[in-house]
Amino acid sequence: TTIISGPAEVTTERDATFRFTSNQTGSTFLCSLDLGPFSACSSPKTYPGLGQGEHIFQVKARGTLGIPDQSPAAFEWTIDLPPHTIIDSYPPSHTVGNFAFFTFSSNEMNVSFECSLDGAPFTSCSEFTEFTELTTGTHELLVRAVDSAGNADPTPASYVWTVGPMPDTAILSGPEEVTESTSATIVLTSNVEGVTFECALDEAADSGFFQACTSPVTYNDLSFGEHEFLARAVDAAGNIDPTPAEWSWEIGGVPPHVLIESGPDLTTDSRSAVFVFSADGQDLMFECSLDG
């Protein structure tokens, strides 16, 4: 039995095709892969999707009398697949930092790595790689593992992220500084696209308790008096404007009705009197008159 052709001695191909012949016309053949049992086969014989590592193919001709070749022809070869690359850690998809730290790994041991940032040629990089002084905008990193035989990952791992400014919030319009309207509409904007907003009004603004809101923000049935509104933008990565935009105004007009909640008994021998009173409004001041 003679093997005419087979794969390269070391190859990245996972399919292997063999052609073989015999010195006796009319022979049939028996094939074996990786020392497995022999089974009937014919030339060419193809084995698809083989795994990485060393392999051996054996074939023996069987003459017309059914007597097989007692010394099968053998072919040994190695499949050395290129490594696969994994990006294990990376910066947020949107960040205000002008630096980026990455870690890489591979499905194979003893590999090296090559990186390409923003279309630059691949150069050697380590499994712990940091890029600094990045410009504002979108960046793409390609990284590929290279094994000890020099096989590079043909499909490099990719990561895309955006370096942008810290979100800033601006109020385009709001209620007049002094108004009689008990409704208020406030229009917000930011220097960063795709942000969401968080707002706080009056007591919530004093305590820093922000809630999600959308622009324009409308409040109805506001009370008489002074009001304070705060708004801050939040970008896609969760970065929050550290200096919220502020808008203050006062609702004036006819003052609200005053309710005296408690006072002294109608007849008393006490020469002291304590009164508790209130009105529906925000940050109000009161004026009092005793005995005219």
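See the structure shown above.
Here's a quick rundown of the structure. Note that the structure is a prediction, hence the values are computed from the model and not measured.

Points about the state of the cysteines
Put plainly, two cysteines are in a disulfide when a covalent bond ties their sulfur atoms together.
Turning to step 1, where the next piece is worked out: Scanning the entire structure with this criterion turns up three disulfides.
Turning to step 2, where the next piece is worked out: Each sulfur in the disulfide pair cysteine 31 and cysteine 41 lies 1.8 Å from the other. Here cysteine 31 and cysteine 41 share a disulfide; its torsion about the S-S bond, 75°, makes the bridge right-handed. Within this pair, whereas cysteine 31 is found in strand S4 (residues 28-33), its partner cysteine 41 is found in strand S5 (residues 39-41), the two being separated by ten residues in sequence. Note on accessibility: cysteine 31 and cysteine 41 belong to one class, buried.
Turning to step 3, where the next piece is worked out: Two residues share a disulfide in this structure: cysteine 115 and cysteine 125, whose sulfurs sit 2.0 Å from each other. Every disulfide takes its handedness from the sign of the S-S torsion; for cysteine 115 and cysteine 125 that torsion is 75°, giving right-handed.

Brief notes about the nonpolar core
Turning to step 1, where the next piece is worked out: Within the largest apolar cluster, 19 residues are counted, with the highest numbers of intra-cluster contacts made by Leu188, Cys199, Val217, Tyr219, Leu222, Phe229 and Trp249.
Turning to step 2, where the next piece is worked out: Broken down by secondary-structure element, the contributors of at least two residues to this core are strand S19 (184-190), strand S20 (196-201), strand S22 (217-219), strand S23 (224-234) and strand S24 (245-251).
Turning to step 3, where the next piece is worked out: Discounting chain neighbours no more than four positions away, the residues touching phenylalanine 229 are Ile171, Ile186, Leu188, Cys199, Ala200, Leu201, Val217, Tyr219, Ala245, Glu246, Trp247 and Trp249.
Turning to step 4, where the next piece is worked out: Counting residues in each nonpolar core, the second largest holds 17 residues, with Phe131, Ala157, Tyr159 and Trp161 among its members.

Calculation rules
- Residues numbered from 1 in each chain as written.
- Predicted model: local features only at pLDDT ≥ 70, side-chain atom pairs only at ≥ 80, totals over all residues.
- Heavy atoms only, no water.
- Disulfide = S-S within 2.5 Å.
- Helix = DSSP H or I, 4+ residues; strand = E, 2+ residues; numbered from the N terminus.
- Buried < 20%, exposed > 50% of the residue type's maximum accessible area, 1.4 Å probe, protein only.
- Core = buried A, V, L, I, M, F, W, Y, C linked by side-chain atoms within 4.5 Å.
- Contact = heavy atoms within 4.5 Å.

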